[in-house]
Amino acid sequence: MRLWPGKKKDTADSVLPETGAFAYNADPKPRGKKNARKAKRKVSAEVRRRFEGYLDKKSRKCWVWKGSRTADGYGQFWVSDRKVVKAHRFAYEMFVRVLGKKERLRNVCTGKNCINPACWQPVTIGATQARRRKIKI
């Protein structure tokens, strides 16, 4: 990265170190993490068995969560003694793929107790806000 546009050649003094928030990675693919977004969450057999013990898969479409719920009605699951996660997000990451930092899940079937990954659609935070603005207008 050059400090000033001009005819001078790049020297060590005229090039800024690429660190912090202004770092630019010319390589679009991160090294060392192959297909990180397409990978499923790796869960131990004991945690998976506990998680599936709270599911009721009798219905063909929706899987009903029989475990504890948050104050707003969505299922929650204690992965360990210290970590609690939303059940629908955990199910999506375990069966489909890991979600990014700015991705959220939108419920297609409108059932808060449903955690079937087929009933949840990933959306980005910006898309959700734009959809809300359209509805208000």
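Quick caveat: nothing in here was measured; it's all calculated off a predicted structure.

Procedures and definitions
Residues numbered from 1 in each chain as written. Predicted model: local features only at pLDDT ≥ 70, side-chain atom pairs only at ≥ 80, totals over all residues. Heavy atoms only, no water. Helix = DSSP H or I, 4+ residues; strand = E, 2+ residues; numbered from the N terminus. Buried < 20%, exposed > 50% of the residue type's maximum accessible area, 1.4 Å probe, protein only. Contact = heavy atoms within 4.5 Å. Areas by Shrake-Rupley, 256 points an atom, 1.4 Å probe, with all protein chains shown as cover. Core = buried A, V, L, I, M, F, W, Y, C linked by side-chain atoms within 4.5 Å. Phe/Tyr/Trp six-rings, centres within 6.5 Å; stacked < 30°, edge-to-face > 60°. Lys NZ or Arg CZ within 6 Å of the ring centre and 35° of its normal.

Bringing the overall build of the chain into the picture now. A tally of helices and strands in the chain yields three helices and six strands. The secondary structure elements of the chain, listed N-terminal to C-terminal, are α-β-β-β-β-α-β-β-α. Here the chain holds 137 residues, and the buried ones make up 25% of them. Contacts in the chain between residues at least 24 apart in sequence constitute 43% of all its contacts with a sequence separation of at least 6. Carbon and sulfur atoms make up 55% of the accessible area of the chain, which amounts to about 11000 Å² in all.

This part takes up the nonpolar core. Val47, Phe51, Leu55, Trp63, Trp65, Phe77, Val85, Ala87, Phe90, Ala91, Met94 and Ile115 together form the largest nonpolar core, which totals 12 residues. At the level of secondary structure, the elements contributing two or more residues to this core comprise helix H1 (45-53) and helix H2 (87-95). Among the elements that make up this core, the one with the highest residue count is H2 (four residues). Sequence-distant contacts of Met94, defined by excluding residues within four places in its chain, comprise Lys40, Arg41, Val43, Arg48 and Phe51. Residues Leu99, Cys109, Cys114 and Cys119 belong to the second largest nonpolar core, which totals seven residues.

What follows concerns H2. The buried count for H2 comes to seven of nine residues, which makes it a mostly enclosed element. When H2 is considered as a whole, its buried residues turn out to be Ala87, His88, Phe90, Ala91, Tyr92, Glu93 and Met94. At its buried positions, H2 is contacted by H1, strand E2 (64-65), strand E3 (76-78), strand E4 (84-86), strand E5 (103-107) and strand E6 (120-124).

On to the packing of aromatic side chains, then. In the structure shown here, the tally under the stated rule is nine aromatic pairs. For the ring pair Phe77 and Phe90, a centre distance of 5.4 Å and an interplane angle of 35 degrees mean the geometry is tilted. Residue Phe77 is found in strand E3, and its partner Phe90 is found in helix H2; the two are separated by 13 residues along the sequence. Per residue, the accessibility class of Phe77 equals that of Phe90, and both read buried. Among the aromatic residues, ring-to-ring pairing joins Phe51, Tyr54, Trp65, Phe77 and Phe90 into one connected group. Its end group placed over the ring of Trp63, Lys57 keeps NZ or CZ at 4.4 Å from the ring centre.

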